[in-house]
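An overview of the molecular structure
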Protein chains: 2
Amino acid sequence: MKAKITLKDIARELEVSISTVSKALKNSEEISRDTKEKVQAFAKLYNYKPNNIAISLKNKRTKNIGVVIPAIVHHFFTTVIRGIEKHANAKGYNVIVCLSEESFDREVINMEMLANGSIDGFIMSLSSETQRKGDYNHLKEVTEQGIPLVLVDRVTNEVDCDKVIIDDELGAYMATKKLIGQGRKKIALITTDDYLSVSKARTGGYRKALLESNMEIDEKRILKLSSMEMDEKSIEDFFNKNSVDAVLCVNEIFTVYSMRLIQKKGIRIPDDISFIGFTDGLLSKYANPSLTVVAQHGEKMGEIAAQMLIDRVENENDEGNYQTKILEPTLVVRDSTIN
Amino acid sequence: MKAKITLKDIARELEVSISTVSKALKNSEEISRDTKEKVQAFAKLYNYKPNNIAISLKNKRTKNIGVVIPAIVHHFFTTVIRGIEKHANAKGYNVIVCLSEESFDREVINMEMLANGSIDGFIMSLSSETQRKGDYNHLKEVTEQGIPLVLVDRVTNEVDCDKVIIDDELGAYMATKKLIGQGRKKIALITTDDYLSVSKARTGGYRKALLESNMEIDEKRILKLSSMEMDEKSIEDFFNKNSVDAVLCVNEIFTVYSMRLIQKKGIRIPDDISFIGFTDGLLSKYANPSLTVVAQHGEKMGEIAAQMLIDRVENENDEGNYQTKILEPTLVVRDSTIN
DNA sequence: TATCAACACGAAACCGTTTTCGCTTATTGT
DNA sequence: ACAATAAGCGAAAACGGTTTCGTGTTGATA
C-alpha cells in the first residue's frame, strides 16, 4: 500500500519549498524551466494528485452538488438524476444524492448534513410530507446562508429560488383534450391529494379541458388517493361504482393497474375505454396495451436544473432575479388510446 | 444573507481563544461551567455548525462513500442505491453517486475524481465495457492506496476486495428447474454476451439444470444479445426460427418484450408457454400476465455492501482477509408460469 | 565599481478545525 | 508563609493546499 503523496513530500525529496512545488505544478512563470521539469517529472512518477479536501477548504468550493429527492425507485426521478449527473459531470462536479423517502424529517436532516460545507448548492424536489405540512423553513435557511437552491418538479411558491417544472396543467389539459377529441364523454381522473403541487396542477388541467368543451365536471369521477402507494381497493371500488369511457391517471402505476382491472371485466382497451398516464417509463412502453402518456422529460429537467445551479454557484454576484423554467410536456401516443 | 459563523468569530465576540471555544462546545472538562454556558448559548443563538470540510481535512475522514454504477434508470441498481443510502445514512455517511453509463473511461474518470480525498471508500458495480476489456487497473490502484472497495453484483476475480453478489447460477438453476418441473421440454434462454459476469453465471445455471435432468442442451435455443439494450429484431427472428415451450430471460425487459411477441402470435401464457425473468421490478409486477421472476434483492445487497464498506473504513487495521457475501435469489411466482 | 532590475525561490498567512502542551492563577497542605 | 497541586485557559502545530510578499543572487548598466 503506497500512501498518497503530498506537496510536502515532493518538497522534502527535491529539497525545495512547498510553495515552489505548488507553483511548479501550476507551470508558474515564477519558476525556472529546470525546476519545473524536475518537479513535474517527480510528480508524474509518483502519481501526485492534489487533495480535493484541502483545495475545498482553501477556496471554499467543493465542486459537489447536493441532490435531495423523495425516492429513487421511481423512473421519473432516476431520469432527473441522470440529467443532473450528465451536466454536472461535464462541468467537473460530483453529485451527492440523498433520499428523503417522502419524509419531512429526513429531508431536513439531509439538507443540514450537506449544508455545512459539503456542497456548493442544492437541487431538490419536495417530499410529499413537506408539501403537506407546508413547512419550508429548512429551505429558507439554506438560501439565507447564500447557498444556491434549484427546486425541480415538486416546488413551492413560498421559497425564493430558481425552479424547473413541467407545465403539469398543460399536460393534463392536452391529455384530456385528446380524450375528448376521441369522443369520450365520461372521463375519469385518478390522482393523489392536492397538497402535492403536481397533482393539483394536473387536476386543474383536467378541469380546464372539460370546461372548455362544455362538459360537466362530475366530482364522483375524480378519485383522490391519499398516498403515492397503490391503494388497490379504492381503485377497484371506484371502477365498480362508476361507469367511465376514459381515464387519466397521474402516474404509470395507477394507469397500468387500472387497465388490468378493466381488462379483467372484459372491457376492451382502447375500443371501449381509453387510458392516458403520466411519466414515459418502462411500464408505459411495455404494458399491454402500451400506454399513451404525458412525457415529463425528466432528464432535460435535470440538465436544466444543474445548469441553473452551476451558473449561480459560479457567478455568485447576481443573487436574486430568480427564474422558473417551465418545460412543455409531450403526449406520447401508444395503444391505450385510439389513434 | 447571514454568512456561516466560525469558531474564530465566536472567539472574537466572546474574547476567548479559539481553542477554548472548540473545547467548550465539546463540553470539555477543562473549561469552566461559566465559560461553557456562555459559549454554548452564543453558538446556539447564531446557529453554529462546524464546517465539514475542515473536519474532514483534520481527521482524514470525509464521511462520504462513493458509489459508481453503470446506470441508474434500471430498477435493480436503484434498489441497490436505496439499500446503500439506508445503511450509510444511519451511520452518518453521505452517498456520492457517479454513473459510468457502461463506459470504461467514465468509470475511470469518476473513480479518479473521487479517490483524491473526496470519499472514504467505494462501492461499485462494473460497467459492461470494463468487463469486456478486462482492465481493472483503476480498481487495483484504488485498493493499493488503501481505499476500501466493495464490488457488488458485477464483480471480477482479478481484484482483491470485499464483494457482494447473488448466486446467479443458482437463480437460473432454480428457474430452469421450475420450468422443467412443469413439464417444459424446449426451454430457451435469452441472455447477453458472456463477458458480463452475471450473464455467464446465469447461463451456467441454466445448463446445469438441463444436464441434471438429462435434457439435451440445444445451443440454438440460447440467444445471446450483444448489448443491454433491446434488440427487438433479433428476438423476433429467434422466435420465428425456434419452437419453444418455456423461456428464461436475464432481465425484465427481454421477458416482457418476448411475451408480447408470443401473445401476438396467439400463443397463450402460461398455458402453452411459460416465462421467467430476472429482477423483481415494476414491470414484473404490472406486466400482463404478471411475471414470475428471480428476485435479486438489490436493496439487501446495497445494505450489506454499505455495511462491509463502513466496517472496513472504521477498522482500517484488518486489511486483507476479504470476504465475498453470496445472497440467495428467490423465485417470485406469478402468472407467467403455471402455478 | 556601484546600482538596479529581473529572476528564482522561500517564508508565512490563510481556509476552519482539533488537540497537545505549557502557562497563569488560585487553592490546599504543612 | 511557602511549596505543591489543580483548575482554566491560550499558543501553536497540524491537516494539504494556494497565494502574497519578501529576499538573495545574478547580470546588465551607468
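The structure displayed is predicted, hence computed values, not measured ones.

Some words on the protein's contact with DNA strand C
As a matter of local geometry, DNA strand C sits amid 28 residues, with Ser17(A), Thr20(A), Lys23(A), Glu30(A) and Thr35(A) nearest to it. If you look at DNA strand C and keep only atoms within 4 Å of the protein, 60% of those are sugar or phosphate atoms. With respect to DNA strand C, the side chain of Glu30(A) contributes an N or O atom lying 2.3 Å from a base nitrogen. Separating a phosphate oxygen of DNA strand C from a side-chain N or O atom of Lys60(A) is a distance of 2.9 Å. Elements with a minimum of two residues in the surface near DNA strand C: helix H2 (18-25) and helix H4 (52-59) of chain A together with helix H1 (7-14), helix H2 (18-25) and helix H4 (52-59) of chain B. Of the residues forming the surface near DNA strand C, the biggest block, four residues, is contributed by H2(B).

A closer look at the protein's contact with DNA strand D
Close to DNA strand D lie 27 residues; Lys58(A), Thr20(B), Lys23(B), Glu30(B) and Thr35(B) are nearest. Among all atoms of DNA strand D positioned within 4 Å of the protein, those belonging to sugar or phosphate total 56%. Interatomic distance of 3.4 Å between a backbone N/O atom of Ala54(A) and a base nitrogen of DNA strand D. With respect to DNA strand D, the side chain of Thr35(B) contributes an N or O atom lying 2.5 Å from a phosphate oxygen. Within the residue set of the surface near DNA strand D, elements represented by two or more residues are helix H1 (7-14), H2 and H4 of chain A together with H2 and H4 of chain B. For the surface near DNA strand D, a count of residues per class yields nine nonpolar, nine polar and nine charged.

A short note on the packing of aromatic side chains
All names here are of chain B. Tallied over the entire structure, the rule returns six aromatic pairs over all chains. Between Phe42 and Tyr46, the aromatic rings sit 4.6 Å apart at their centres with planes inclined by 35°, giving tilted as the arrangement. Since its relative accessible area comes to 15%, Phe42 is described here as buried. Classification of Tyr46 by relative accessible area gives partly exposed; the value is 46%.

Here's the deal with the interface of chain A and chain B
Tallying the contact residues gives 57 residues for chain A and 57 residues for chain B. Buried surface at the junction of chain A and chain B, summed over both partners, amounts to about 5100 Å²; 56% is from carbon and sulfur atoms. When the area that chain A buries against chain B is broken down by residue, the three leading residues are Ile53(A), Asn116(A) and Tyr286(A), summing to 14%. Between Arg82(A) and Glu101(B) there is a salt bridge, with the nearest N and O atoms lying 3.6 Å from each other. At the level of secondary structure, the elements contributing two or more residues to the side of chain A that touches chain B comprise H4, helix H5 (75-90), strand S2 (94-99), helix H6 (104-115), helix H8 (137-144), helix H12 (252-264) and helix H13 (282-286) of chain A. Among the elements that make up the side of chain A that touches chain B, the one with the highest residue count is H5(A) (seven residues). A class-by-class count of the residues in the side of chain A that touches chain B yields 25 nonpolar, 20 polar and 12 charged. In the sheet, S2(A) pairs with strand S2 (residues 94-99) of chain B via three bridges, with the strands oriented antiparallel. When the bridges of S2(B) are listed, Val97(A) appears paired with Val95(B).

With respect to the pattern of salt bridges
Side-chain pairs of opposite charge can arise whenever the charged atoms involved come near each other. Under the definition given, this model contains 36 salt bridges over all chains. Measuring nitrogen to oxygen at the nearest pair gives 3.3 Å for the salt bridge that ties Lys233(B) to Asp237(B). Remark: Asp237(B) and Lys233(B) occur in helix H11 (residues 232-241); sequence separation between them is four residues, near one turn of the helix. Judged by relative accessible area, which is 55%, Lys233(B) ranks as exposed. Under the relative-accessibility criterion, Asp237(B) is labelled partly exposed at 28%. The structure contains a network of salt bridges with shared partners spanning Arg82(A), Lys86(A), Glu299(A), Glu303(A) and Glu101(B).

So, the sheet that holds strand S10 (residues 292-295) of chain B
Remark on secondary structure: sheet strands pair via backbone hydrogen bonds, oriented parallel or antiparallel. All names here are of chain B. Across the sheet, six strands lie side by side as S7-S6-S8-S9-S10-S12; this open sheet has mixed pairing. What marks the edges here is a single partner per strand, and that holds for strand S7 (222-225) and strand S12 (330-332). Taken over all neighbouring pairs, the strand axes of this sheet differ in orientation by 20° on average, direction set aside. The sheet contact formed by S10 and S12 spans three bridges and is antiparallel. Each residue of the ladder has a partner; that of Val293, found in S12, is Val332. The strands touched by helix H9 (residues 168-181) within the sheet are strand S6 (187-192), strand S8 (246-249), strand S9 (274-278), S10 and S12, with S9 carrying the most contacts at an inclination of about 170°.

Describing the domain arrangement of chain A
Taken as a whole, chain A is organised into domain 1 (7-50), domain 2 (62-164 + 298-326) and domain 3 (168-297). One C-alpha centre belongs to domain 1 of chain A, the other to domain 3 of chain A, and the line joining them spans 65 Å.

Details of the packing of helix H5 (residues 75-90) of chain B against helix H14 (residues 298-314) of chain B
Each packed pair of helices is defined by two parameters, the angle between the axes and the distance between the axes. Residues and elements named next belong to chain B. Here H5 crosses H14 at 40°, and the two axes come no closer than 6 Å. By the angle between their directions, the pair H5 and H14 is classed as oblique. Read as a crossing pair, H5 and H14 show a hand that is right-handed. Across the interface between the two elements, Phe76, Thr79, Val80, Arg82, Gly83, Ile84, Lys86, His87 and Ala88 of H5 pack against Gly298, Glu299, Met301, Gly302, Glu303, Ala306, Gln307 and Ile310 of H14.

With respect to the sheet that holds strand S8 (residues 246-249) of chain A
All names here are of chain A. Spatially, the six strands line up as an open sheet ordered S7-S6-S8-S9-S10-S12, and their pairing is mixed. Pairing within the sheet leaves two strands with one partner each, and these edge strands are strand S7 (222-225) and strand S12 (330-332). Here the strands of the sheet are splayed against their neighbours by 20° on average, with no regard to which way each runs. For strand S9 (residues 274-278) and strand S10 (residues 292-295), the ladder comprises three bridges, and the chain directions are parallel. Looking at the pairing, Ile276 lines up with Thr292 of S10. Where helix H11 (residues 232-241) meets the sheet, it contacts strand S6 (187-192), S7, S8 and S9, and its direction lies at approximately 170° from that of S7.

Conventions adopted
- Residues numbered from 1 in each chain as written.
- Chains lettered and ligands numbered in written order.
- Predicted model: local features only at pLDDT ≥ 70, side-chain atom pairs only at ≥ 80, totals over all residues.
- Heavy atoms only, no water.
- Near = heavy atom within 4 Å.
- Polar contact = N/O pair within 3.5 Å; in protein donor to acceptor, adjacent residues only side chain to side chain.
- Helix = DSSP H or I, 4+ residues; strand = E, 2+ residues; numbered from the N terminus.
- Nonpolar A, V, L, I, M, F, W, Y, C, P; charged D, E, K, R; others polar.
- Phe/Tyr/Trp six-rings, centres within 6.5 Å; stacked < 30°, edge-to-face > 60°.
- Buried < 20%, exposed > 50% of the residue type's maximum accessible area, 1.4 Å probe, protein only.
- Contact = heavy atoms within 4.5 Å.
- Buried area = accessible area lost by both parts, 1.4 Å probe.
- Salt bridge = Lys/Arg side-chain N within 4 Å of Asp/Glu carboxyl O.
- Pairing = 2+ DSSP bridges.
- Axes fitted to C-alpha atoms, helices over the stretch in contact; angles between N-to-C directions.
- Domains from an automatic or database assignment.
- Parallel < 35°, antiparallel > 145°, perpendicular 65-115°, else oblique.
- Left-handed = near helix turned anticlockwise from the far one by under 90°.

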